[in-house]
Amino acid sequence: MTTTVHDVTDQYPTRQGDAPRVIPRQDPVVQGTADQGPMDAATLRGFDEKGYLTMEKLISDEELTLFRDELARLADDPEVKSDERTVVEATSQEVRSIFDIHRSNEVFRRIAHDPRIVRRAEQILGSQVYIHQSRINYKPGFVGKDFTWHSDFETWHAEDGMPTPRAVSISISLTDNYSFNGPLMIMPGSHKHYISAVGTTPEDNFKQSLVMQGAGVPDPETLTEFADRFGIDVLEGPAGGAIMFDSNCMHASNGNVTPYPRSNVFIVYNSVENAPAEPFAAPAPRPEFLGSRDVTPIG
């Protein structure tokens, strides 16, 4: 079933009914080829099958030190902490995320525009790309909270108006990812199946969802079916490595009760051919720092 919103066909309706349902993905995952970028055919096939790929070493030790120092500086800056683009933990008041980092910070702007990443995103998506969202995530020891199971595309579709899941995210690890400090978890293969969520989107939902997710979170029964069907990959890896994953991957991360922080740079690249329309299931688009409507190509 499809619907039409503002002259744009909605192939992924969500937050419109009383019962969740699973919709087969309507679009290809990989839209480029091996001769169009740095990744070979086997890597692209693996991404198509699992919905993600890992790189053990993306950035140099010198870059890692620079990023860590900047991460620490930003977390201690009162002006940054009071900025609307910064999200703090509900109880500890520790910094959770700083959004729009590729615009507000020169250090992270450079890595967001780096050909090592941009060329891979262009190759997967088969087109030029723009940055839909960027942020740095802190998950400090003892107080870092969880991110529950979700598909990013469901939110970007419902609340930003992204038509299709022709977007890819990269998470660059600034700390070691252990199995026990809240690393990324993905259900491999889930990206080819879209969960249409129940309920509606409250006005200004982003103000609450950035601290505690609510609207758009899949129901436990469907998540259990997905876990039984696809399994769960826990993505450990060293600092300086990276994970690229499809926008419709079902993913989550546990809270961090260990002394070891888990921090990362997170950048979302969307195809310029997949520009946002009006939101498909929200009263108004989220602010620009959460979902950019400037589709000027980068790279």
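Above this text is the structure in question.
These notes cover the structure that comes with them. (Residues numbered from 1 in each chain as written. Predicted model: local features only at pLDDT ≥ 70, side-chain atom pairs only at ≥ 80, totals over all residues. Heavy atoms only, no water.)

**Some thoughts on the overall build of the protein**
No. 1: Each helix and strand in the protein was counted, giving nine helices and 15 strands.
No. 2: By the compact-globule yardstick of 19 Å for 299 residues, the protein fits well, its C-alpha radius of gyration being 18 Å.
No. 3: With the C-alpha coordinates aligned to their principal axes, the bounding extent of the protein is approximately 50 × 45 × 40 Å.
No. 4: For the protein, the proportion of its 299 residues judged to be buried stands at 55%. (Helix = DSSP H or I, 4+ residues; strand = E, 2+ residues; numbered from the N terminus. Rg over C-alpha atoms; globule rule 2.2 N^0.38 Å. Buried < 20%, exposed > 50% of the residue type's maximum accessible area, 1.4 Å probe, protein only.)

**Some details on the nonpolar core**
No. 1: Core analysis: the biggest nonpolar cluster contains 41 residues, and I124, I136, I170, I172, M244 and Y269 have the highest contact counts within it.
No. 2: Sorting elements by how many residues they give to this core places helix α6 (residues 115–125) first, with five residues.
No. 3: Dropping the residues within four chain positions of it, I172 is found in contact with L58, I59, I111, I117, G241, A242, S263, N264 and V265.
No. 4: With 16 residues, the next largest nonpolar core counts Y12, Y52, A167 and F245 among its residues. (Core = buried A, V, L, I, M, F, W, Y, C linked by side-chain atoms within 4.5 Å. Contact = heavy atoms within 4.5 Å.)

**A few points about the sheet that holds strand β7 (residues 129–137)**
No. 1: Reading across from one edge, β4-β13-β9-β15-β7-β6-β5 is the order of the seven strands in this open sheet, with antiparallel pairing throughout. The outermost strands of the open sheet, each flanked by one partner alone, are β4 (52–55) and β5 (86–88). Each neighbouring strand pair of the sheet contributes to a mean axis angle of 15°, computed without reference to strand direction.
No. 2: As paired strands, β5 and strand β6 (residues 95–99) are joined by three bridges and run antiparallel to one another. Its bridge partner being in β6, T86 is matched across the sheet by I98.
No. 3: Along the sheet, helix α1 (residues 41–50) makes contact with β4, β9 (167–173) and β13 (242–246), crossing β4 at roughly 130°. (Pairing = 2+ DSSP bridges. Axes fitted to C-alpha atoms, helices over the stretch in contact; angles between N-to-C directions.)

**Quick look at the side chain of S134**
No. 1: Positionally, S134 belongs in strand β7.
No. 2: Looking at S134, its side chain comes within polar contact range of the main-chain nitrogen of I101, at 3.0 Å.
No. 3: Setting aside anything within four residues of it in sequence, one finds S134 in contact with I98, F99, D100, I101, H102, F266 and I267. (Polar contact = N/O pair within 3.5 Å; in protein donor to acceptor, adjacent residues only side chain to side chain.)

**Remarks on the side chain of S97**
No. 1: With respect to the secondary-structure elements, S97 resides in strand β6.
No. 2: Side-chain polar atoms of S97 contact the side chain of N137, separated by 2.8 Å.
No. 3: Those residues in contact with S97 that lie beyond four places of it in its chain are R85, T86, V87, R135, I136 and N137.

**Some points on helix α2 (residues 61–75)**
No. 1: Helix length check: α2, at 15 residues, gives a terminal C-alpha distance of 21 Å against a target of 21 Å (1.5 Å per residue), a fit within 8%.
No. 2: Those residues of α2 not exposed but buried are E63, L64, F67, E70, L71 and L74. Angular distribution of buried residues about the axis of α2 spans 135°; they occupy a single face of the element. The exposed set on the far side of α2, more than 90 degrees from its buried face, consists of E62 and D69. (Expected span 1.5 Å × (residues − 1). Arc of directions from axis to C-beta.)

**Some words on the sheet that holds strand β10 (residues 184–186)**
No. 1: Strands sit in the order β8-β14-β10-β12 across an open sheet of four strands; the sheet is antiparallel. Sheet topology places β8 (147–151) and β12 (233–234) at the edges, where each strand pairs with a single neighbour.
No. 2: In this sheet, strand β14 (residues 250–253) lies alongside β8 in antiparallel orientation, the contact comprising three bridges. Bridging across to β14, S151 finds its partner in M250.
No. 3: Strands β8 and β14 of the sheet are contacted by helix α7 (residues 152–160), whose axis makes an angle of about 65° with β8.

**Describing the pattern of salt bridges**
A side chain with one charge can pair with a side chain of the opposite charge if their charged atoms come near.
No. 1: Evaluation of the coordinates by the stated rule reveals 18 salt bridges.
No. 2: A salt bridge links D100 to R103; the nearest nitrogen and oxygen atoms lie 3.3 Å apart.
No. 3: The class for R103 is partly exposed, based on a relative accessible area of 38%.
No. 4: A single network of salt bridges, built from pairs that share partners, joins D83, R85, D100, R103 and E288. (Salt bridge = Lys/Arg side-chain N within 4 Å of Asp/Glu carboxyl O.)

**Focus: the packing of aromatic side chains**
No. 1: Enumeration over the complete set of coordinates arrives at ten aromatic pairs.
No. 2: Between F245 and F266, the aromatic rings sit 6.0 Å apart at their centres with planes inclined by 45°, giving tilted as the arrangement. One end of the pair, F245, is in strand β13; the other, F266, is in strand β15 (residues 264–271), and 21 residues separate them in sequence. Comparing F245 with F266 shows no difference in burial state: the two are buried. (Phe/Tyr/Trp six-rings, centres within 6.5 Å; stacked < 30°, edge-to-face > 60°.)

**Thoughts on a nonpolar patch on the surface**
No. 1: Taken together, the side chains of Y178, F180 and Y260 define a hydrophobic patch exposed on the protein surface, amounting to about 300 Å² of accessible area.
No. 2: With respect to the element layout, Y260 can be found in the loop between β14 and β15. (Patch = residues over 30% accessible without salt bridge, like charges linked within 9 Å, V, L, I, M, F, W, Y side chains within 5 Å. Areas by Shrake-Rupley, 256 points an atom, 1.4 Å probe, with all protein chains shown as cover.)

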